[in-house]
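# Structure assessment
Read off the chains here:
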Amino acid sequence: MTFSEKLLDWWDVHGRKDLPWQHPRTAYRVWVSEIMLQQTQVKTVIPYFDRFISRFPDIESLSAASTDEVLALWSGLGYYARARNLLKTAIICKKDHTAKLPQTPKELLALPGIGESTANAIYSQAHNQPAVILDGNVKRVLARYLAVDGWPGKAQVHQQLWTTAEKLLPKERGADYTQAIMDLGATLCTRTKPVCTQCPVRQSCKAFKSGTVDLFPARRPKLKISKKSFQMLILTDSEGNVLLERRPPAGIWGGLWSLPADDDVQPVQQRLGLATDSLRKLPELEHQLTHIKMTIQPLIAHIEVLTRGVECSGDQRWFGQHEWQALGLPKPVRQLLETHLENSET
Ligand code: SF4
């Protein structure tokens, strides 16, 4: 039996067949799930997927949404560029593809936020076609199965895995095969403690046969983490509103509403035209992004609603508690607001 035959036989018995995006397995639902599943586990994604789909059941409804609405439903999933690209793609599909996702990988690849593997995942699952996918789970399975040296994030290793994956593809059951290889990586060929004794392809798995499963895939080279310190201003008024600024579209937390922040609070004060000297320091907060370790010094100030001199432009707004709670906010910003504002309101 071939690799794919063994895998499909195993999947028919043990595979995951009750994931929400499998019923019905439309291109739209597969696409939303694939974007959410990037860097995120299935069990985390399911409640987000359900909420997202009940609010935006199709491209038509998503394309009419505001960025804030989409980000609010994404709040907590992280990597917010994914949500903004989802909206951009929906708008393009509404305009250029009669409110549907195009079918071929080549057309899908031309859309924002859709890479080669995601395009193929949509194509194979929504249209039941054989197509290579290489998400984290699949890379791990193939790196072990063929004992491929090197970190899969390296272009050369990635290409080697891609070529191998092409050779293993079956001609039939494209959708089930894609799900089967992802399921194998998620349930048996896991990152730690893989359950090789139950694996359907162990007899031909090079890493298993040579007792070197632990060595594959090679670890990612250590990331250089930079440090960044800045101050964040929590400015409230007597009606319990807080001032938020929209971040520039590119860069950290691009496009999200955030507390005004800068290296030092003075430029923030100047930018807001804020003439208050009653700033109070709050305990520092640490937050780690993939490449950056942040130290945030929060400062809180309060101004009267009638006398507040802070003019709001389109990218600055006062938000009441129920409003900011519904926004997609960066994690430390939400944490600061929940800690220092939620209990202060009556
Ligand atoms: S035998 Fe083990 S290492 Fe090889 S593919 Fe199966 S679970 Fe992964």
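What counts, and at which threshold
Per-chain numbering applies: the sequence of each chain, read as written, is numbered from 1 onward. Two thresholds apply to this predicted model, a pLDDT of at least 70 for residue-level local features and 80 or more for giving and counting side-chain atom pairs, whereas whole-chain, interface and lining totals are computed over all residues. Calculation of side-chain values draws on the structure's entire complement of heavy atoms; hydrogens and water are dropped beforehand. Helix and strand assignments come from DSSP, with helices taken as H or I runs of at least 4 residues and strands as E runs of at least 2, each series counted from the N terminus. In this scheme, a residue with accessible area under 20% of its type's maximum is buried, one over 50% is exposed, and one in between is partly exposed, where area comes from a 1.4 Å probe on protein chains only. The criterion used for residue contact is that any of the two residues' heavy atoms lie within 4.5 Å. Surface exposure here means Shrake-Rupley accessible area, sampled with a 1.4 Å probe, where a residue is shielded only by the protein chains that are shown. Lys and Arg are tallied as positive, Asp and Glu as negative. Neither His nor the chain termini are counted. We put the charge of a Lys on NZ, of an Arg on CZ, of an Asp on CG and of a Glu on CD. Here the bounds of each domain stem from an automatic or database domain assignment. A quick way to say it: buried area is the sum, across both parts, of accessible area lost when two parts are put together, with a 1.4 Å probe. Every case where a carboxyl oxygen of Asp or Glu lies within 4 Å of a side-chain nitrogen of Lys or Arg is listed as a salt bridge. The term polar contact refers here to a pair of N or O atoms within 3.5 Å; inside protein, the definition further demands a hydrogen-donor-capable atom paired with an acceptor-capable atom, and it admits residues adjacent in sequence only when both atoms are side-chain atoms. Under the convention adopted here, Pro, Cys and the residues Ala, Val, Leu, Ile, Met, Phe, Trp and Tyr are nonpolar, Asp, Glu, Lys and Arg are charged, and Gly plus all remaining residues are polar.

Turning our attention to the overall build of the chain. What the chain contains, in helices and strands, is 15 helices and eight strands. Across its three principal axes, the chain shows a C-alpha extent of roughly 80 × 45 × 35 Å. Counting across all 346 residues of the chain, residues that qualify as buried make up 49%. Taking all contacts inside the chain whose residues are at least 6 apart in sequence as the whole, residues at least 24 apart take part in 65%. Carbon together with sulfur atoms contributes 51% to the accessible area of the chain, which is approximately 17700 Å² in total. Once the 43 positive and 36 negative side-chain charges of the chain are each reduced to a mean point, those two points are 9 Å apart.

This part takes up the domain arrangement of the chain. As far as domains go, the chain holds domain 1 (3–215) and domain 2 (226–344). Centre-to-centre, using C-alpha coordinates, domain 1 lies 36 Å away from domain 2. The interface is formed by seven residues belonging to domain 1 together with twelve residues belonging to domain 2. Of the roughly 700 Å² buried between domain 1 and domain 2, counting both surfaces, carbon and sulfur atoms make up 45%. When residues of domain 1 are sorted by the area they lose upon contact with domain 2, D68, Y80 and R84 head the list and together hold 56% of the total. Along the contact surface separating domain 1 from domain 2 lie one salt bridge. Put simply, R246 and D68 hold a salt bridge, and the shortest N to O gap is 3.2 Å. At the junction of domain 1 with domain 2, the criterion picks out four residue pairs in polar contact (both at pLDDT 80 or more). Here the side of domain 1 that touches domain 2 gets three residues from one element, more than from any other, and that element is helix α5 (residues 67–74). Residues belonging to the side of domain 1 that touches domain 2 are distributed by class as follows: four nonpolar, one polar and two charged.

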